[in-house]
Every structure is written in C-alpha cells, then in structure tokens.
Amino acid sequence: MTTKLPRTLAILLPAALLLSLPAAAQTVPSPSPRARVDQTVGITELSVEYSSPAVKGRKIWGELVPLDKVWRTGANQATKLTVSRDFKFGKTAVPAGSYGLFTIPGEKKWVAVLSADVNAWGSYTYDAAKDLARVELVPEKLAAPRERMTFLFSDTTESSTSLDLEWELLRVRIPISVDTDAQVEAGMAKALEDAWRPHFVAARYLLDSGGDLNRALDYVGRSIAIKPTWWNQWVKAQILGKQGKKKDAQKAAKDALALGKGDKTFETYFAPQIDKALQGWK
C-alpha cells in the first residue's frame, strides 16, 4: 500500500530540500585585487606586493585617504617590499629582506616609511618604533588619470630604480639604490676563494675510487696552490701514503692538523684519523 503525502507537504518538500543543500561557493571580483610588480636592479631582485583599490568616482586625497596620517598604501594587508640584497631606501642603508611599506600623504609633501612590521593589516597596528627608514617625497601630477592604484618601477639602471606609486591624478616616486659594483666584487672574491674546491673534489674522487693517484696528486696540488685547507692537505697526505711516500705524507698530514686547529668538526672527526695515519707512516 502506497502512502501519499499531503498535497501541501508534497509542494513544500522540494523547497525544504533545496534549503538544506550547502550553498555553492560564489566567486566574485575583489574590490581591491592583489597585485605584484618585480624588478631586477643589477643583480638584486625587488618585488612589491599590494592590494589595488579603484577610484570609483570617489574623492581620494583628503577624503578616502586622509592627509598627514599613516596609510597602508593600498587596501587590506599593508604593502610589502622585498629586496634580495642590501639596499638603500632613500639614503638609509637597509639589509636584504621583506618590509612593510607605509606612506604619509600630504598636500605638498609625502613621507614614505619602511617598517620592520611586514604582517600589519592596514595601518591600524602601525608602530613608529618599528620604522627603519623614511624618505620625503614631492607628489607629481599625472598627465592622465589612473583608475586603480598601481606600483611600478621606472628609470632603472644597474644600481638604482624609482618605485612609483600612481593613483587618480597623483604620482610619488621612492628612490631605491643598490651597490651593484660592490656586490659583484664580493661575488667574484667568493667564487675565487672557493675555486680550490673543484680540484679537491676531483682528487678525492680518484683517491676513493682507486683511480690514477698521479692525477689525483696533480689535482690536489692545484687546489692547495689556490687555497691551502685541511681538506686538501689531508687528501694529499692520503694520496702520498698510498704511494708509499711516508715522509711526504707525514708533512701533509701535519699541515692538515695545523690548518684544522680550532675547527670543531675537524678536531672531533678528522684529527683522530690523521693521528692514527701518522702512527702508521712512522
């Protein structure tokens, strides 16, 4: 026997079922979409991440964005500037890293503020004690209006760039510079200092794999000529020991002990091996 539902319930049931279903996720445009701009200056990477509000017919300066007060410089989470190497924000030297970028808009003068607080939401928790650098800016008038607030890099050279903020009919330009020459020199010095490693690695491979010991001795000699270390001196000692040149092996081993003195890893793990080898080469 089939039980029929009352007509009123039969009519209402589908609607009730629909109401009990979970709502589908709705995707709509953000009023202030996230944006990012990147720039390479010499060998330094810079990026700015921000939320980009629109004018939407509103009066921006002095109303939506109050004058002479700290502004997040965008919407939502405060703007973030990331620089891969040490740089100057205006004339202030700043270490590589990520920073909060705030501004204080004014009618005739702006101030750009670089803050250690990189996770601020808006400027509500802004703390002047976390300021790392400030630079005064003179606002310029744009030739054509810009609807969405935008950051862009301009006038980029191998050692400097301008981080420009444009919105409505206004532009301010933040000077950023890096010492590219010094960075390249430091990189070259480090590369040359480490040039001993490839020859050392080749020598150790031949030693460990039972390869040509004369080639291994040649490689380790080149490594030592570039920079004597306990690593290459110890490999040289082992090569000479395998060749039966015990007196030369002892000298190289003692050089390794002298160079490794004060190195905790060396003194803990390798010095005992060298001492044992020296006993065997007597």
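Residues numbered from 1 in each chain as written. Predicted model: local features only at pLDDT ≥ 70, side-chain atom pairs only at ≥ 80, totals over all residues. Heavy atoms only, no water.

Details of the pattern of salt bridges
Two side chains bearing opposite charge may form a pair once their charged atoms approach each other closely.
Okay, so step 1: Per the counting criterion, the structure on display carries 15 salt bridges.
Okay, so step 2: Of the charged contacts, one joins Arg-173 and Asp-164 as a salt bridge, the two residues approaching to 3.2 Å between their closest N and O atoms.
Okay, so step 3: Residue classification places Arg-173 among the partly exposed positions, given a relative accessible area of 28%.
Okay, so step 4: You can call Asp-164 buried: its relative accessible area is 2%.
Okay, so step 5: Connected via shared salt-bridge partners are Arg-36, Asp-38, Glu-49 and Lys-80. (Salt bridge = Lys/Arg side-chain N within 4 Å of Asp/Glu carboxyl O. Buried < 20%, exposed > 50% of the residue type's maximum accessible area, 1.4 Å probe, protein only.)

Examining the packing of aromatic side chains
Okay, so step 1: All chains considered together, the criterion is met by 15 aromatic pairs.
Okay, so step 2: Here Trp-234 and Trp-281 contribute two aromatic rings whose centre-to-centre distance is 6.5 Å and whose plane-to-plane angle is 50°, an arrangement assigned as tilted. Pair noted here: Trp-234 is in helix 5 (residues 230-242) and Trp-281 is in the segment after helix 7 (264-280), with a separation of 47 residues, a long-range link. An identical accessibility class is assigned to Trp-234 and Trp-281; each is buried.
Okay, so step 3: Put simply, the rings of Trp-196, Phe-200, Trp-230, Trp-231, Phe-266 and Phe-270 touch in pairs and so form one group of aromatic residues. (Phe/Tyr/Trp six-rings, centres within 6.5 Å; stacked < 30°, edge-to-face > 60°. Helix = DSSP H or I, 4+ residues; strand = E, 2+ residues; numbered from the N terminus.)

Observations regarding the side chain of Ser-154
Okay, so step 1: Of note, Ser-154 is situated in strand 9 (residues 140-154).
Okay, so step 2: Classification of Ser-154 by relative accessible area gives buried; the value is 14%.
Okay, so step 3: Other than its neighbours up to four places away in sequence, Ser-154 contacts Thr-161, Ser-162, Asp-164 and Arg-173. (Contact = heavy atoms within 4.5 Å.)

A word on helix 4 (residues 213-226)
In an α-helix, one turn spans 3.6 residues, which is why side chains three or four residues apart end up on the same side.
Okay, so step 1: If you check helix 4, its first and last C-alpha atoms are 20 Å apart, about what 14 residues at 1.5 Å a residue would give, namely 20 Å.
Okay, so step 2: What helix 4 keeps buried is the set Ala-216, Val-220, Ser-223 and Ile-224. Relative to the axis of helix 4, the buried residues are bounded by an arc of 95° and lie together on one face. Exposed positions of helix 4 whose direction lies more than 90 degrees from the buried face are Asn-214 and Ala-225.
Okay, so step 3: The opening residue of helix 4, the one whose side-chain oxygen lies 2.9 Å from the backbone nitrogen of Asn-214, is Asp-212. (Expected span 1.5 Å × (residues − 1). Arc of directions from axis to C-beta. Polar contact = N/O pair within 3.5 Å; in protein donor to acceptor, adjacent residues only side chain to side chain.)

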